[in-house]
Amino acid sequence: MIEIVSDGRCTACNICVRVCPANVFDIVADAPPRIARQDDCQTCFLCEIYCPEDALYVAPHAEGPTGITEG
Ligand code: SF4
Ligand code: SF4
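### Side note on the environment of V24
The residue V24 is located in the loop between α1 (15-19) and β2 (25-28) in this model. Each C-alpha atom of the pair V24 and E48 lies 13 Å from the other, and the pair is 24 residues apart in sequence.

Structure, rendered in structure tokens:
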């Protein structure tokens, strides 16, 4: 499940918003996308694969949030 959009790394290119097949993200003007529908995430890793900044973290665990933070 999608866990993190890193504010520090993300350049707000919104590629992840476009590639996500589950419409998990919402575009935010001049800011990183918001994980708006985390429960809809299919754990497909497409956003992580396509992100040019390695700003996303998708946990292999598909059933629910793991509570991980960027740290
Ligand atoms: S693809 Fe990566 S850099 Fe682009 S908006 Fe998404 S998280 Fe940010
Ligand atoms: S892992 Fe797949 S379904 Fe989940 S947010 Fe990323 S692109 Fe969307």
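Now that the structure has been shown, we can carry on.
### Let's talk about the site of ligand 1
What surrounds ligand 1 is a group of 14 residues, the closest being C10, C13, C16, C51 and A55. Counting only elements with at least two residues in the shell around ligand 1, the list comes to α1 and β3 (31-35). Partitioned by chemical class, the residues of the shell around ligand 1 number 11 nonpolar, 2 polar and 1 charged.

Procedures and definitions
The written sequence of each chain sets the order in which its residues are numbered from 1. Chains carry letters and ligands carry numbers; both start at the beginning, A for chains and 1 for ligands, and go up in the order they are written. Residue-level local features of this predicted model are given only where pLDDT is at least 70; pairs of side-chain atoms are given and counted only at 80 or more, and the full residue set underlies all totals for whole chains, interfaces and linings. The secondary structure listing takes helices from DSSP runs of H or I that are at least 4 residues long and strands from runs of E that are at least 2 residues long, numbered from the N terminus. The criterion for a residue being near a molecule or strand is simple: its C-beta atom, placed using the backbone, must lie within 6 Å of it. Throughout, the ten residues Ala, Val, Leu, Ile, Met, Phe, Trp, Tyr, Cys and Pro are labelled nonpolar, Asp, Glu, Lys and Arg are labelled charged, and all others, Gly among them, are labelled polar.

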